[in-house]
Amino acid sequence: LLRAYFDEGRDITAHDTLASVVQAAGLDAAEFRELIDSDWLRAEVLARSERSTQRGARSVPSYRLNDTPIENTIDLIPELRRLLLSPVSPNAYG
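Scoring rules and cut-offs
Residues numbered from 1 in each chain as written. Predicted model: local features only at pLDDT ≥ 70, side-chain atom pairs only at ≥ 80, totals over all residues. Heavy atoms only, no water. Helix = DSSP H or I, 4+ residues; strand = E, 2+ residues; numbered from the N terminus. Rg over C-alpha atoms; globule rule 2.2 N^0.38 Å. Buried < 20%, exposed > 50% of the residue type's maximum accessible area, 1.4 Å probe, protein only. Contact = heavy atoms within 4.5 Å. Areas by Shrake-Rupley, 256 points an atom, 1.4 Å probe, with all protein chains shown as cover. Lys, Arg positive; Asp, Glu negative; His and termini not counted. Charge placed at Lys NZ, Arg CZ, Asp CG, Glu CD. Polar contact = N/O pair within 3.5 Å; in protein donor to acceptor, adjacent residues only side chain to side chain. Salt bridge = Lys/Arg side-chain N within 4 Å of Asp/Glu carboxyl O.

1. Comments concerning the overall build of the chain
Then step 1. When its secondary structure is counted, the chain shows five helices and two strands.
Then step 2. Of the regular secondary structure in the chain, the N- to C-terminal order runs α-α-α-α-β-β-α.
Then step 3. For 94 residues, the compact-globule estimate of 2.2 N^0.38 gives 12 Å, and the C-alpha radius of gyration of the chain, at 19 Å, exceeds that figure by more than 25%.
Then step 4. Across the 94 residues of the chain, 13% fall into the buried class.
Then step 5. Sequence separation of 24 or more characterises 0% of the internal contacts of the chain that already satisfy a separation of 6 or more.
Then step 6. When the accessible surface of the chain is totalled, it reaches about 7900 Å², and 55% of it is carbon and sulfur.
Then step 7. The average position of the 11 basic charges and that of the 15 acidic charges among the side chains of the chain differ by 8 Å.

This is the structure in structure tokens:
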């Protein structure tokens, strides 16, 4: 899916594109089409999206380290570096 979007510049919101990616992965494209054209998991996807929004996610990928929201991967590396290089409290592990 990432290759289709980033490398090939394909529209991954299009059902035809998704079906071809599914088929290229060796899965049943016809079964996928039946599922994507139905309301399969619609309620669950909407509920998970709402929970993610409530928890502060505003982008994909979205990270949270020590209750600090990180909105993109570019900001993730410096934050990880900062956390790894910061002193650890002797009581940090109970």
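Okay, back to it.
2. Description of the side chain of Glu79
Then step 1. For Glu79, the position within the fold is in helix H5 (residues 73-85).
Then step 2. Residue Glu79 is classed as buried on the basis of its relative accessible area of 14%.
Then step 3. Side chain to side chain, Glu79 and Arg82 meet in a polar contact 2.5 Å long.
Then step 4. Setting aside residues up to four positions removed in sequence, Glu79 forms contacts with Leu65 and Ile70.

3. A word on the pattern of salt bridges
Then step 1. Within this structure, the stated rule accounts for four salt bridges.
Then step 2. The salt bridge partner of Arg33 is Asp16, with a shortest N-O separation of 1.9 Å. Here Arg33, found in helix H3 (residues 29-36), pairs with Asp16, found in helix H2 (residues 15-24); they are 17 residues apart in sequence, far enough to count as distant.
Then step 3. A salt bridge links Glu79 to Arg82; the shortest N-O distance between them is 2.5 Å. Taken together, the residues Glu79 and Arg82, both in helix H5 and three residues apart, mark about one turn of the helix.

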